[in-house]
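Okay, here's what each chain looks like letter by letter:
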Amino acid sequence: MNATEFRKRGKEAVDAIADYYENLDSMPPMSEVKPGYLYGLMPHEAPEDPESFDGIQKDIKDNIMPGITHWQSGNFFGWYPANSSFPAILGDMYSAMFNVVGFNWICSPAATELETVVMDWVGKLLGLDKRFRAIKDDCTEGSGGGIIQGSASEAHVSAMIAGREMMLAHLHALGMNDEEVDGVWHKFVAYFSDQTHSSGQKATNIIGCRSRSVPSDDNFRLTKKALLAAIEQDRHAGLIPFFVCGTFGTTNTAAIDDIPGIAEVAAANHMWFHVDAAYAGAALSCPEFRPLAHGIERADSFNFNPHKWMLTNFDCSALWVADSKHLVNALSIHRAYLPRVKGATSFAKDYRDWQIPLGRRFRALKLWFVMRMYGASGIRAHIRKHVVSAKWLEEQLLADGRFEIVAPVEFSLVVFRIKPGALSDNSGADGEVANRANADLVKLINTDNRVFLVGTKVKGKDVLRAAIGSAHGNQENVELLFKVVTELTTTIISGRY
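As annotated in an unreviewed UniProt entry, the chain carries the name Aromatic-L-amino-acid decarboxylase and comes from Coemansia guatemalensis.

Shown next as structure tokens:
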């Protein structure tokens, strides 16, 4: 394919993409294929000779499209949103054009410097403390800064590695030698709540430390009291607490942990304090949500995913550290073929030392496009629109009388269930009956396939999660969701399913 052919086929591909987005709501949101469907449709060896673009386009329509769950549909309410937008797609196109492998400044200075600039932009948009900025107000280098990672899971691992490095430095400062420190490393413990995302557990598996799951309270929060009790118990057993994760918007219920309390405990115990705000962090672009995040200014690291609720295509996970020293010390490896820039380094960061992989894509471009083409006002309007729709859905469910809201609706997630009393004349219908009915309602909704959502289990209760947030959805989609839920709830209660 030469440039002339690419120009022609590129326009066709853009038309196909635009057509797809224009017709999203006419398609069932969930794929209905069975496992292995594609293997039977594809040749079992790569083609020997070149094939036509037209043939590939036909295969996308006939074979690939049926196996796609349409995350961008306004009728997709599963998990959390995975926003895409046309500005971000354009940014990704330019990134593919340059195709740089930006592991250090020399690889492509613009790739490194744009990331530094854009991450400071986003940090200011969210109201993050100045500690997290790469560049101070006087244009000198700060001790912190941001990096775009592939996912919150990668960010969690990176933060935990930095926390381990900080604790090792602390033990050395207490007078322990290398041999003594090596002898206690296996005693390091990281703390989470039972509502923390699974990436926390995975991070401990990767770096080889111990993990402690702390029970959340009745509001699904990790509290200072519970964390202190766990730490005291582990210290009594000779273990060494070194890391704690507080969540701003948990996966199950969008609960907000006791961030100020956790910060106090972490500081008193020389622990690294990481805040996982993968979903709800985008809401901090709106000043009215910032009081909910009181205490994050004391965190050592903060992460949220613009690819969830801030209009930026996957993958784009923003991680800030207040002091990059421990992260860089842990991950920096020098080789003669990886030259560094000498002298002033405010804008010449080697981001390879801030992440697990060496190579990295030019992700900052798509975030830059979003920030410029939406502006802060457009991003805030996007967030607020979904919060209003979530509040509307909460009100409608309560007014119906058959549902209960399981967790406070702070953002755009509504967690609800059929009340046990709605299932029987006897309001004391047992928990298993209610759980079975709510689990069946999830199945019925997704089999119907006008809308898609997922269920979960919290504190032993089966519940439904409606995660509103599609960049391409509107209030009419939420109204359809409510219509489907109420219709099929009637079916469940009447026993006609």
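Having seen it, we continue.
Q: Which residues make up unusual backbone geometry, and what are the values?
A: Of note, the bond from F314 into D315 is cis; its omega dihedral lies within 30 degrees of zero at 5°. Along the polypeptide, D315 turns up in the loop between α10 (306-309) and β7 (317-321). The phi dihedral of N99 is positive, around 50°, even though this residue is not glycine. Its location among the elements puts N99 in the loop between α3 (86-98) and α4 (109-126). Overall, the relative accessible area of 61% leaves N99 in the exposed class.

Q: How would you summarise the sheet that holds strand β6 (residues 301-304) if you had to cite specific residues and measurements?
A: Taking strand neighbours across the sheet as the criterion, the seven strands line up as β1-β7-β6-β5-β4-β2-β3 in an open arrangement whose pairing is mixed. Edge positions in the sheet fall to β1 (145-149) and β3 (210-214), since each has one partner strand and no second. Pairwise comparison of adjacent strand axes, ignoring direction, gives a mean angle of 20° for this sheet. Bridge count for strand β4 (residues 240-247) against strand β5 (residues 272-276) is five bridges, and the pairing is parallel. Bridge pairing links G246 to V275 in β5.

Q: Which residues make up the packing of aromatic side chains, and what are the values?
A: To describe a pair of aromatic rings, one takes the distance between the centres and the angle between the planes. For the structure on display, the rule yields 24 aromatic pairs. Both rings, one in W185 and one in F188, keep their centres 5.0 Å apart while their planes meet at 80°; by these two values the pair is edge-to-face. One residue, R465, lies across the ring of Y80, its end atom 4.8 Å from the ring centre.

Q: Got a sec to walk through the state of the cysteines? Specific residues and values, please.
A: Under the criterion given, the structure shown has zero disulfides. Free cysteine C107: the closest other cysteine sulfur is in C316, separated by 19 Å. C209 takes part in no disulfide bond, and the closest cysteine sulfur to it belongs to C245, at a distance of 12 Å.

Q: Hey, could you go over the pattern of salt bridges for me, with residue numbers and the actual values?
A: Any two side chains of opposite charge can pair, on the condition that their charged atoms come close. Enumeration according to the criterion identifies 25 salt bridges in this entry. Residue R9 is joined to D54 by a salt bridge in which the shortest nitrogen-to-oxygen separation is 3.0 Å. Residue R9 is located in helix α1 (residues 3-22), and its partner D54 is located in helix α2 (residues 53-64); the two are separated by 45 residues in the primary sequence. In this structure R9 comes out as buried when scored by relative accessible area, which is 11%. Of the charged contacts, one joins D217 and R221 as a salt bridge, the two residues approaching to 3.0 Å between their closest N and O atoms. The class for R221 is partly exposed, based on a relative accessible area of 25%.

Q: Quick one: what's the story with α4, residue by residue and with numbers?
A: The end-to-end C-alpha separation of α4 is 26 Å, in line with the 26 Å expected for 18 residues at 1.5 Å each. If you check which residues of α4 are buried, you get A111, T112, L114, E115, T116, V118, M119, D120, V122, G123, L125 and L126. Where α4 terminates, the next one or two residues include G127, which has phi positive at roughly 80°.

Q: How would you summarise the UniProt feature "modified residue: N6-(pyridoxal phosphate)lysine" (unreviewed entry) in the chain if you had to cite specific residues and measurements?
A: UniProt annotation of "modified residue: N6-(pyridoxal phosphate)lysine" (unreviewed entry) refers to K308 when read in the numbering used here. Within the secondary structure layout, K308 lies in helix α10. Once residues within four sequence positions are removed from consideration, K308 is found in contact with Y80, P81, A82, N83, A278 and Y279.

Q: Account for the pairing of strand β10 (residues 454-458), with residues named and values stated.
A: With burial as the criterion, only one face of β10 is covered, namely that bearing V454, T456 and V458; the residues G455 and K457 on the opposite face remain uncovered. Relative to strand β11 (residues 461-467), β10 runs antiparallel, the two being bridged by five bridges. Each residue of the ladder has a partner; that of G455, found in β11, is L464.

Q: So what's going on with the environment of A159? Which residues, and what values?
A: Structurally, A159 can be placed in helix α5 (residues 152-173). The exposure class of A159 is buried, given its relative accessible area of 2%. Each C-alpha atom, one on A159 and one on Q355, is 9.4 Å from the other, the two residues being 196 residues apart in sequence. For A159, the residues in contact, after removing those within four places along its chain, are F243, W272, H274 and S301.

Conventions we followed
Residues numbered from 1 in each chain as written. Predicted model: local features only at pLDDT ≥ 70, side-chain atom pairs only at ≥ 80, totals over all residues. Heavy atoms only, no water. Helix = DSSP H or I, 4+ residues; strand = E, 2+ residues; numbered from the N terminus. Buried < 20%, exposed > 50% of the residue type's maximum accessible area, 1.4 Å probe, protein only. Pairing = 2+ DSSP bridges. Axes fitted to C-alpha atoms, helices over the stretch in contact; angles between N-to-C directions. Phe/Tyr/Trp six-rings, centres within 6.5 Å; stacked < 30°, edge-to-face > 60°. Lys NZ or Arg CZ within 6 Å of the ring centre and 35° of its normal. Disulfide = S-S within 2.5 Å. Salt bridge = Lys/Arg side-chain N within 4 Å of Asp/Glu carboxyl O. Expected span 1.5 Å × (residues − 1). UniProt positions renumbered as here; feature names shortened; annotations may be inferred. Contact = heavy atoms within 4.5 Å.

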